[in-house]
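Analysis of the macromolecular model
So you can see what is in the structure, the chains are spelled out below.
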Amino acid sequence: MTSISEDSDKEKVRSVSVDLNNDASLVIDIPDALCERDKVKFTIHIKTTLSSFQKSEFSVPRQHEDFIWLHDTIVETEEYAGLIIPPAPPKPDFEGPREKMHKLGEGESSMTKEEYAKMKQELEAEYLAVFKKTVQVHEVFLQRLSSHPMFRKDRNFQIFLEYDQDLTVRRKNAKEMFGGFFKNMVKSADEVLISGVKEVDEFFEQEKIFLLDYSSKIKDATAKAEKMTRSHKNVADDYNHISGAMNSIAADNNTAFKKTISVCVLQKLEDRVASDQELKLTELLRYYTRDIQAAKDLLYRRARALADYENSNKTLDKARLKGKDIAQAEENQKQCLRKFDKLSESGKKELTSFKARRVVAFRKNLIEMTELEIKHAKNSMSLLQGSIEILNSN
Amino acid sequence: MSGSFGRNPPPLPDSEDQEAEFDTRVLDSDEEEEDEEGEDIFTGARSKPITPTSAPDEGDIFSEEGSYIRRDVHHATNGLHSDEELDLFTEATVELTLTSTTSQGRREITGPTASACNTTHVPNSILKPSVVTKTMEELEEEESGDKFELNIAVTNPEKIGDGMNAYMSYKVSTRTTLPMFPNKMFSVRRRFSDFLGLYEKISAKHSLLGCIIPPPPQKSVVGMTKVKVGKEDSSSAEFVEKRRAALERYLQRVVAHPSLLQDPDVREFLERDELPRAVNTQTLSGPGLLKMINRASDAVNKMTIKMNESDNWFESKLQEVENEEQLLRRLHAAVDSLVNHRKELCINTAVFSKSVAMLGSVEENSALSRALSQLAEVEDKMEQLHQQQTFSDFFILAELLADYVRLLGAVRCCFEQRMKVWQRLQEAQSTLQKKREAEAKLLWANKPEKLQQAKDDINEWESKVSQYERDFERVTCTVRKEVLRFEKERARDFKHYIVKYLESLLHTQHRLVKYWEDFLPEVKAIA
């Protein structure tokens, strides 16, 4: 059972997405969270001046599944077809640290008390990091909804924020989940569709090409970044083992030898920290992989609408030929065209702002990462220099 | 031994000031003698420069004594001519124990000193024995009081031959100012089995005396086969480099040991152009198998000997050594893991770098695109940094630890030798006891004819017992000294290598800072 409070981390937390929570009329954050076995309970804190809400400031507990429900209902809402829907936060994954904790428990007998304590501390820190990360992505999800002119007015969003009881009743039952599965299948068919449909608008043509390519590249980059970060973490862990072993030797031995050894413990700091920086980059890439997917989804929907429109045209022509149901077909066609135009218009706006948002987020994140790398490398350097001096003076 | 004093002694220094200089030096070394630091100077020999006043003076002094001469120093008034040198040193196989107390058991061979006294070419007058004695002693002390330089490098591995009979030949270069070597710089080519052969020879001679013999690098069938077969990939290159470095460290440790340095086999190894092929080093040869059998029987013996330890120092020291060996093994395993993970990190970083480059090429915002390609380049440089760091991790840290695990094994052997000597003493004592009892029985049974035999036996065993007692004393003393020397050397080694490792880490961090600082403006330029 772990809980955190994030007041100091608020600024650092919003690293993948920017310009959220600027509007004081609806301010959302997640100040606290509890982890009970597999379930994480987020405490969502809302401050609002909007009249649509009953109270101006309140808190509500929610689980991860509630977020998913909210996301899915928004996706299913027709009105939002022309908008980029913020990607759902991924499920909290404590498997990594949990497994390590398990292994540590098994190997407890083979290491000294200090080493065990240190490793336990490290693992707890790792656990905490995962925890903080998951809180952050959930928070960002809500903030994107609250800062979007359309989504913030969504009825379900309001329910999510206000309903003071458990949302379980409203969540997906098995049948609906199955439906969702089908939807994904249909989506991949859409991909074929989208590449096949002849695009009339130059803007969307460009976007399509760009997004398809970019999506695959960023997915790849994310995977590689994760691998690299994992390697770096392994190196950091090794340094831990080394410092533990060296401590044992130092405890056993005398003077010169011991001093030499104890100095080496400082080294683990170097790698530990470096891996934290890379985590930033990985997070950024991961987030944008999901976001790009959301943008692609928008394109799919539009392509679908276009296909529908073209189909309706064909139907109308057929009806005109046959001479019956013409009015109906005309109406249908008009609707499809309206839908398509609406999608195109809002789609264009969304995609343009998405572009800008992405560039800004990358910039901010890369700057932060670089500055932290420099800072920690300089720290390491001074530590190392100090150690070398101590050793040389003996 | 004393006969050498009767021979033509080396001439005394001609001038007053030279003698004075000589005297001061003796004083210095005297102090150092007190705390048995004598050996240490030789240990430092390979890395520390010569401390004596100045080169030509030193040359003068030594040539005056007639013992240490350098080829390039020709002083008309001084001792021997340089063409005597070769005779001098190739003959220097005399085993001596000098009379001065502090040298007791410390150095078996003082060849050059003795031989110098044997020379017959003395331009100057013969001197009084008493003066000579003083000179001899001072000489010996001086020998230990000075710091000489001896540098060994193992370089230029070359593959000789083809197929399964191929082998790697290494160049062993020696650079020295030690007087006992006629040349200052020389080199020979040796192969791995030569090194192993050297170890066998030294071990046979010195381990019985309780010396710690540095163990050679291990054989590796897999590694060598790859090299023989001719695979020109990075792993076989790595193997050759690993072996080359290990051989170099091995030789450096050997010559750092004062007794071993004096050993003619060592000198022959360093100097002689062609060495007879050491066939005893092959695992499946006759001697190889014999060795394995001996080792097995030794292991059994070890379990059965329970020594009555009068001196707690040995018991606690052995325990310390065994503990440390365990800990070092653990540490080595951790460092090994580090090396492997860092290699993985290299690969993953390289892959990531390419991926980022691809992403950058797709990116439509031009400034971001440029920044991403820059990031790819930075990550590429990071990969190189990681590569270098891996190299350091391995060659500085991992190999150091592996060496010391093996060295601790050698230290343990040294303790075992002492136990063996003790056991021999015990057995002799019990045999003597039995002979005494036999004599008593004979006396009682009144058989005079056998009595003489019994008495002879007793005498024989009495002298054996006293011999073995002396041996045991000597070995005990040697082991103690060896352990102290080892500890000093270990402390120095570890300090040296760990500083080196930290410096490599520092260098890496420094470059890291530079790369990221160069990258930062690129990122900031994104609009």
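Residues numbered from 1 in each chain as written. Chains lettered and ligands numbered in written order. Predicted model: local features only at pLDDT ≥ 70, side-chain atom pairs only at ≥ 80, totals over all residues. Heavy atoms only, no water.

This part is about the overall build of chain A. A tally of regular secondary structure across chain A gives ten helices and four strands. Secondary structure elements of chain A, listed N to C terminal, follow the sequence β-α-β-β-β-α-α-α-α-α-α-α-α-α. Among the 394 residues that make up chain A, the fraction classed as buried is 50%. Put simply, 76% of the contacts in chain A that link residues at least 6 apart link residues at least 24 apart. (Helix = DSSP H or I, 4+ residues; strand = E, 2+ residues; numbered from the N terminus. Buried < 20%, exposed > 50% of the residue type's maximum accessible area, 1.4 Å probe, protein only. Contact = heavy atoms within 4.5 Å.)

Another point: the overall build of chain B. When helices and strands are tallied, chain B shows 16 helices and three strands. For chain B, with 527 residues in total, the buried portion stands at 51%. Pairs at least 24 apart in sequence give 75% of the contacts found in chain B among residues at least 6 apart. If you sum the accessible surface of chain B, you get close to 25200 Å²; carbon and sulfur atoms cover 54% of it. (Areas by Shrake-Rupley, 256 points an atom, 1.4 Å probe, with all protein chains shown as cover.)

Another aspect to go through is helix α9 (residues 221-229) of chain B. Residue and element names in this part refer to chain B. Listing the buried residues of α9 in full gives G223, M224 and V227. Down the axis of α9, the sector holding all buried residues measures 90°, keeping them to one side. Facing away from the buried surface of α9 by more than 90 degrees, the exposed residues are V221, V222 and V229. Buried residues belonging to α9 abut β1 (150-160), β2 (167-176) and α10 (234-256). (Arc of directions from axis to C-beta.)

Feature annotation in UniProt places "coiled-coil region" (unreviewed entry) on residues 451-478 of chain B, given in this structure's numbering. Taken end to end, residues 451-478 of chain B comprises 100% helix and 0% strand; its first and last C-alpha atoms sit 40 Å apart. (UniProt positions renumbered as here; feature names shortened; annotations may be inferred.)

Okay, the sheet that holds strand β3 (residues 185-191) of chain B next. Residues and elements named next belong to chain B. On the basis of which strands lie adjacent, the open sheet formed by three strands has the order β1-β2-β3 and antiparallel pairing. Of all strands in the sheet, those with a lone pairing partner are β1 and β3, marking the two edges. On average, each strand axis in the sheet is inclined to that of its neighbour by 20°, with strand direction left out of account. For β1 and β2, the ladder comprises nine bridges, and the chain directions are antiparallel. (Pairing = 2+ DSSP bridges. Axes fitted to C-alpha atoms, helices over the stretch in contact; angles between N-to-C directions.)

Our focus in this paragraph is the pattern of salt bridges. Residue and element names in this part refer to chain B. Under the definition given, this model contains 45 salt bridges over all chains. As a salt-bridge pair, E325 and R329 come within 3.0 Å of each other at their nearest N and O atoms. With E325 and R329 both in helix α14 (residues 312-362) and four residues apart, the pair spans about one turn of that helix. A salt bridge links R370 to E522; the nearest nitrogen and oxygen atoms lie 3.8 Å apart. A residue pair is termed long-range when its members are at least 10 positions apart, and R370 in helix α15 (residues 366-445) and E522 in helix α16 (residues 448-524) qualify at 152 residues. One continuous salt-bridge network, built from bridges that share partners, spans R249, R253, E399, D403, R406 and D493. (Salt bridge = Lys/Arg side-chain N within 4 Å of Asp/Glu carboxyl O.)

A separate point is the interface of chain B and chain A. Often, the extent of an interface is quoted as the loss of accessible area on bringing the components together. Contacts between chain B and chain A engage 54 residues on the former and 62 residues on the latter. Its largest share of buried area at the contact with chain A, chain B owes to F352, L359 and L502 of chain B, together 11% of the area lost on that side. Residues K524 of chain B and E371 of chain A are paired through a salt bridge, measuring 3.7 Å at the closest nitrogen-oxygen approach. Where chain B packs against chain A, one counts 14 residue pairs in polar contact (both at pLDDT 80 or more). Sorting the residues of the side of chain B that touches chain A by element identifies α14, α15 and α16 of chain B as the ones contributing at least two each. With 22 residues, the top contributor of residues to the side of chain B that touches chain A is α14 of chain B. (Buried area = accessible area lost by both parts, 1.4 Å probe. Polar contact = N/O pair within 3.5 Å; in protein donor to acceptor, adjacent residues only side chain to side chain.)

The next point concerns the confidence of the model for chain B. Residue and element names in this part refer to chain B. For chain B, the mean per-residue pLDDT works out to 72, and 67% of the residues sit at or above 70. Overall, residues 1-146 carries pLDDT values under 50, and its contacts beyond four positions in sequence, including any with other chains, amount to 213 contacts. This prediction of the complex comes with two scores: 0.71 for pTM and 0.82 for ipTM. (pLDDT = per-residue confidence, 0-100.)

Tracing the sequence through the fold places R358 of chain A in helix α10 (residues 326-393). Apart from the residues lying within four places of it in its own chain, the contact partners of R358 of chain A are F210, Y214, Y288 and I292 of chain A together with E363 and E364 of chain B.

This brings us to the packing of helix α8 (residues 192-206) of chain B against helix α12 (residues 264-271) of chain B. All names here are of chain B. Two numbers describe how α8 lies on α12: the axes approach to 9 Å, and their chain directions differ by 165°. Classified by the angle between their axes, α8 and α12 sit roughly antiparallel to one another. Crossing handedness for the pair α8 and α12: left-handed. Judged by residue contacts, D194, F195, L198, K201, I202 and K205 of α8 engage P264, D265, V266, E268 and F269 from α12. Grouping the amino acids of the contact of α8 with α12 by side-chain chemistry returns six nonpolar, no polar and five charged. (Parallel < 35°, antiparallel > 145°, perpendicular 65-115°, else oblique. Left-handed = near helix turned anticlockwise from the far one by under 90°. Nonpolar A, V, L, I, M, F, W, Y, C, P; charged D, E, K, R; others polar.)

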